[in-house]
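Notes for the structure review
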Amino acid sequence: MLIRCLVGLVDVSRRFAALFLLGGILLAAFSAWYASGHLGVTTNTDEMFSANLPWRKQGAEMAKDFPQFHDLLVAVVNARIPEEADATAAELARRLEEDKTHFTMVQRPDDNAFFRQEGLLFLSKKDLSDLMDQTIDAQPFLGQLVADPSARGLFSALSLLGMGVTQTNADLTPYMTPIEGFHKAMAAALDGHPQPLSWQTLLGGGVSKLAGPYKFVLAQVKQNFGSLQPGGEATQAMRAIIADLPYVKAGDARVRITGQVALADEEFASVAQGAVEGMIGSLVLITIWLFLAVHSWRLIVPILMTLILGLMLTVLFAAVFVGTLNLVSVGFGVLFVGIAVDFAIQFSVRYREYRYLTGDPGRAITETARRVGVQILIASLATAAGFLAFVPTAFQGVAELGLIAGAGMLIAFLCTLAFLPAAITVFRPPGEMAEVGFAWAARLDPPVIHNRGRILVGFGVLAVLAVAVSPMLKFDSDPLDTKNPNTEAMRTLRDLINNPVTNPYTIDILTPNLKAAAALSEKLDKLPLVDGTISLNSFIPADQQQKLAIIADADNILAPTLAPHGSAAPITPDQVRLAAKTALSQIEPATQKLPQDHPLAAIAGDLKRVETASDATVMALNDALTHFLPTELDQLRTALSAKPITAADIPADFARDWLLPDGRARIQVNPKPAAQSPAGLHQFVEQVTAVAPDAGGAAVTIEATSDTIVGAFRSAATYAVIAIAVILAVLLRKPLDVGLVMAPLLMSALLTLLVAVLLPLPLNFANIIALPLLLGVGVSFNIYFVMNWRAGERRPLGSPTARAILFSALTTGTAFGSLALSAHPGTASMGELLLISLACKLLASLVFIPALLSRLTGPEVRATGDQGVRGRA
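What counts and what doesn't
- Residues numbered from 1 in each chain as written.
- Predicted model: local features only at pLDDT ≥ 70, side-chain atom pairs only at ≥ 80, totals over all residues.
- Heavy atoms only, no water.
- Helix = DSSP H or I, 4+ residues; strand = E, 2+ residues; numbered from the N terminus.
- Rg over C-alpha atoms; globule rule 2.2 N^0.38 Å.
- Buried < 20%, exposed > 50% of the residue type's maximum accessible area, 1.4 Å probe, protein only.
- Contact = heavy atoms within 4.5 Å.
- Areas by Shrake-Rupley, 256 points an atom, 1.4 Å probe, with all protein chains shown as cover.
- Lys, Arg positive; Asp, Glu negative; His and termini not counted.
- Charge placed at Lys NZ, Arg CZ, Asp CG, Glu CD.
- Pairing = 2+ DSSP bridges.
- Axes fitted to C-alpha atoms, helices over the stretch in contact; angles between N-to-C directions.
- Polar contact = N/O pair within 3.5 Å; in protein donor to acceptor, adjacent residues only side chain to side chain.
- Parallel < 35°, antiparallel > 145°, perpendicular 65-115°, else oblique.
- Left-handed = near helix turned anticlockwise from the far one by under 90°.
- Nonpolar A, V, L, I, M, F, W, Y, C, P; charged D, E, K, R; others polar.
- Phe/Tyr/Trp six-rings, centres within 6.5 Å; stacked < 30°, edge-to-face > 60°.
- Lys NZ or Arg CZ within 6 Å of the ring centre and 35° of its normal.
- pLDDT = per-residue confidence, 0-100.
- Core = buried A, V, L, I, M, F, W, Y, C linked by side-chain atoms within 4.5 Å.
- Expected span 1.5 Å × (residues − 1).
- Bend = angle between axes of the 7 residues up to and from the residue.

**Considerations on the overall build of the protein chain**
Helix and strand counts for the protein chain come out as 37 helices and eleven strands. The C-alpha atoms of the protein chain give 38 Å as radius of gyration, which overshoots the globular expectation for 873 residues (29 Å, by more than 25%). C-alpha extents for the protein chain along the principal axes are approximately 125 × 60 × 55 Å. Scored against the burial criterion, the 873 residues of the protein chain give a buried share of 53%. Sequence-distant contacts, at least 24 apart, represent 84% of the contacts inside the protein chain between residues at least 6 apart. About 36,700 Å² of surface is accessible on the protein chain, with carbon and sulfur atoms providing 62% of the total. Of the charged side chains in the protein chain, 65 are positive and 73 negative; the average position of the first set lies 15 Å away from that of the second.

**Examining the sheet that holds strand β2 (residues 72-79)**
In space, the four strands of this open sheet follow the order β3-β4-β2-β5, with antiparallel pairing throughout. Unpaired on one side and paired on the other, β3 (103-107) and β5 (253-258) mark the two borders of the sheet. Neighbour to neighbour, the strand axes of the sheet diverge by 20° on average, direction disregarded. Two strands pair when backbone bridges link them, and β3 and strand β4 (residues 215-221) are joined in this way by four bridges, in the antiparallel orientation. Paired with Phe-103 across the two strands is Val-221, which belongs to β4. Those strands touched by helix α4 (residues 82-98) are β2, β3, β4 and β5, and its axis lies near 10° from that of β4. Lying on the sheet, helix α23 (residues 488-495) is in contact with β2 and β5; it crosses β5 at an angle near 105°.

**Structural notes on the environment of Phe-336**
Note that Phe-336 resides in helix α16 (residues 332-358). Taking the C-alpha atoms as reference points, Phe-336 and Gly-696, 360 residues apart in sequence, are found 38 Å from one another. When neighbours within four sequence positions are excluded, Phe-336 is seen to be in contact with Leu-307, Gly-310, Leu-311, Thr-314, Val-341, Gly-408, Met-409 and Ala-412.

**Structural notes on the sheet that holds strand β8 (residues 507-511)**
Judged by pairing direction, the sheet is antiparallel, and its three strands sit side by side in the order β8-β10-β9 without closing on themselves. Edge positions in the open sheet fall to β8 and β9 (530-534), since each of these has one partner strand only. Averaged over all pairs of adjacent strands, the angle between their axes in this sheet comes to 25°, without regard to strand direction. Examined bridge by bridge, β9 and strand β10 (residues 665-671) share four bridges and lie antiparallel to one another. When the sheet's bridge partners are listed, Gly-532 is paired in β10 with Asn-670.

**A closer look at the environment of Lys-222**
Note on placement: Lys-222 falls in the loop between β4 and α11 (232-243). Take Lys-222: its relative accessible area is 42%, and that puts it in the partly exposed class. Residues contacting Lys-222, with those up to four places away along its chain left out, are Lys-100, Thr-101, His-102, Thr-104 and Pro-230. Engagement of the side chain of Lys-222 in a polar contact is seen with the backbone oxygen of Lys-100, the distance being 2.8 Å.

**Concerning the packing of helix α31 (residues 678-691) against helix α32 (residues 698-732)**
With their axes 10 Å apart at the nearest point, α31 and α32 run at an angle of 110° to one another. In terms of axis orientation, α31 runs roughly perpendicular to α32. The element α31 and its partner α32 pack so that their crossing is left-handed. Listed contacts from α32 to Pro-678, Leu-681, His-682, Phe-684, Val-685 and Thr-689 of α31 are Ala-699, Val-700, Ile-702 and Glu-703. Looking at the contact of α31 with α32, its residues break down into seven nonpolar, two polar and one charged.

**What to know about the side chain of Thr-626**
Inspection of the secondary structure assignment puts Thr-626 in helix α28 (residues 615-626). Assessed through its relative accessible area of 8%, Thr-626 is described here as buried. Beyond its immediate sequence surroundings of up to four residues, Thr-626 is in contact with Pro-149, Ser-150, Ala-151 and Trp-199.

**Focus on the packing of aromatic side chains**
This model, assessed by the stated rule, comprises 21 aromatic pairs. Ring geometry for Phe-141 against Phe-182: centres 5.9 Å apart, planes inclined by 10°, an arrangement best described as stacked. In this pair, Phe-141 is assigned in helix α7 (residues 139-147) and Phe-182 in helix α9 (residues 176-190), connecting sequence segments 41 residues apart. Take Phe-141 and Phe-182: they sit in the same class, and that class is buried. Taking the centre distance of 5.4 Å and the plane angle of 80° together, the rings of Phe-390 and Phe-713 count as edge-to-face. Residue Phe-390 is found in the loop between α17 (361-388) and α18 (396-418), and its partner Phe-713 is found in helix α32; the two are separated by 323 residues along the sequence. When its relative accessible area of 4% is taken as the criterion, Phe-713 is described as buried. The positively charged end of Arg-666 is found above the aromatic ring belonging to Phe-66, 5.6 Å away from the centroid. Over the face of the ring belonging to Trp-658 we find Arg-666, whose NZ or CZ atom lies 4.1 Å from the ring centre.

**Things to note about the confidence of the model for the protein chain**
Per-residue pLDDT for the protein chain averages 87, and the proportion of residues at 70 or more is 95%. Overall, residues 859-868 carries pLDDT values under 50, and its contacts beyond four positions in sequence, including any with other chains, amount to 20 contacts.

**Section: unusual backbone geometry**
For the peptide bond that leads from Leu-759 to Pro-760, omega is -5°, which places it in the cis range. Checked against the element boundaries, Pro-760 lands in the loop between α33 (735-758) and β11 (763-764). The phi dihedral of Asp-71 is positive, around 60°, even though this residue is not glycine. Looking at the element boundaries, Asp-71 is found in the loop between α3 (54-65) and β2. The backbone phi angle of Arg-428 is positive, close to 50°, even though this residue is not glycine. By the secondary structure assignment, Arg-428 is in the loop between α19 (420-427) and α20 (439-442). Look at Arg-428 and you get exposed, because its relative accessible area is 65%.

**Observations regarding the nonpolar core**
Within the largest apolar cluster, 142 residues are counted, with the highest numbers of intra-cluster contacts made by Phe-395, Met-409, Phe-713, Leu-728, Val-779 and Ile-783. Ranked by size, the runner-up nonpolar core spans 122 residues in total, among them Ala-253, Ile-551, Trp-658 and Ala-699.

**Some points on the packing of α7 against helix α8 (residues 151-168)**
In a packed pair of helices, the relevant descriptors are the angle between the two axes and the axis-to-axis distance. Between α7 and α8, whose axes approach to 8 Å, the crossing angle comes to 160°. Relative to α8, α7 is oriented roughly antiparallel. Between α7 and α8 lies a crossing whose hand is right-handed. Side by side, α7 and α8 meet where Pro-140, Phe-141, Gln-144 and Leu-145 of the first sit next to Gly-153, Leu-154, Ser-156, Ala-157, Leu-158, Leu-160 and Leu-161 of the second. Per-class residue counts for the contact of α7 with α8 are eight nonpolar, three polar and no charged.

**Describing helix α36 (residues 825-857)**
Its 33 residues give α36 an end-to-end C-alpha distance of 47 Å, which sits within 8% of 48 Å, the value for a rise of 1.5 Å per residue. Of all the bends in α36, the greatest, near 35°, is centred on Phe-848, and the proline Pro-850 appears no more than four residues after it. Summarising burial for α36: 24 of the 33 residues are buried, a large majority.

Okay, structure coming up:
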């Protein structure tokens, strides 16, 4: 009954070929037109998983409570000196705030009025005491600079050093770093390369390095999720601003962009990079394989037209039943072309076979439908089952892919039996002059049959070995490992992996109040993989009484010295030369008491050069030495005015990052470097969630995503195996045939596992998608061989089916190979796994199945059942 229906469909297509061909073309055109207006693409990764998952709900709540942490671009600034980094970051933040088109919020987490005034309280008591002592020792020096913050005042201060050595044999050891800094700045300016001097480094000493070399600007952007790079416009706007910043143009500062938006955009760009070239190359190779398979453009064109019609109808299905593709489901086209082409190749090659046997084109098409139609139906149903197995899972991105691709396999079957015969009839391919199967492959059948025992034992050994090494197959749960490591955002992130602002592995915990946050932080800080915790309590310094006393003592001594004196008289080149000459008169006698290589002697040489320098050089020298001096003096005055801090004193806009209006307090848990590996991250999350079960944040999301994906694919694989077995049992009706189809499938899966372990090729978030798909894809080859064997075929390697399988594998491999060449590591790893699996499947089909089937039928090679077709011809 089923065969009669399929043959009837093909006969109708053949008899009304022109009508079917025209209808198919119009239907393809309509599908493309409709989809262009109704099928969208979203790059919003939040939509990749079901919103009903507990970790998704928790993430949504956290995003609602702290919206300022989402949709961020992070500008990372470093410069030759800290002041230039500060100035660059400040100017960048100012300009970004003016751009309301692309940015909704801009902030500098490492710079605000609160930290400028209270920053000294966050030093340890020892560091604070040493810094205050150093500053007090420099009081005479500071006095000269406050009175006259110019090269004139600086040279006057340097003369005090010379007088100290000459009159009291003063020890200049505490001043060695500033003196060396002055010399380098003066020498560079006099050589025509003026560069501003870092007063922050000179006055802060080693303490100034505690903040690290980087400054950060966080910008919340407006994203366009209809674009392949949702934050692309905002990123380009930021880059344009960065390129125009003074210190960036001068080469003294560098600004790099990272953050969640930049990482996502660069990932999308990596996926798209070379996609067009890869697709064109794949189409060229597929055309070559088709020519080698069918030998005539009059068959190649119908195959390609069938593929295009099937693809357009699948796109129409996606537009009607899905509406918006996600970043996973958008890849259904590659899968469709790579897999659906098998059906058309099988039909066309077998048509050539029956055309040779019968000599009648019409009868050949009918006979092909009778012999191959059910095979293609079973293959399409099994392949669709592999895809549709994803639909019930919580991995929504792949569930959509499964729905579209599963429907696409059924559409491909209908196109193969309803449209391809019509196209073949219209294009009238020439008859065959020789058998279609491989003559050279036919010579391999006897050796395979003769050595079937050894072959099966060999495969058995490989299967046992695969099972033995299966525990060694690794799953890389770090999503960063699937990204292109050479992009700016990824390189920057790796450089700053341990910075709390950019660390991608932190954990967030909401506690009822600040008191609870303090108690929980104390427990968390003791965990082996916790590097530290940050909460609002972290910004309430410890030992405030003692530290404020140290600062107050220093302020009492320094306040008169640091008090502003009003504006100094305008500086002129002659005044600078005079000051240099005066200072030289005090320093030269001192150099007689100092070693020849002492930096003060180098200063003396610089002062001599000032006397003969041009006016422009002298004024450039003045600016280089004192450009940042007034700002640093102001900062010193502000820092010495520190006051006691309570939670209520922390600015509201800053506190909002840590404290909700209802009193709940956020804790950020930072991991140690050991937690940056997948195993370490898993342990880090385990340790933290054991203490705080409601923990969330990036690290918890990564682990939860991993569990969701692995669970989804485990379920999908189970569903696929069951569905394929049921389909085979219903349509093949013989338990032996079902076993013969499933055995090579299991063998190819074990061989794939073995190769993945030996390479090694770990599973990750991207390539794990391939696993359940391979069940559906791989079963089709087995179906063709087993059903032909049941029909009487006893020389499988020399048969047209083997030819069709080989070229089908080559075309599928070409489509998958374009993925393996992707610049995106995740996509490339998926392509590699698909190619490995396809090669293993081909090995199982062309070696394991013939040996297995010959074991059931004996050593002789009998005539094929198709000779009856020749006889009837």
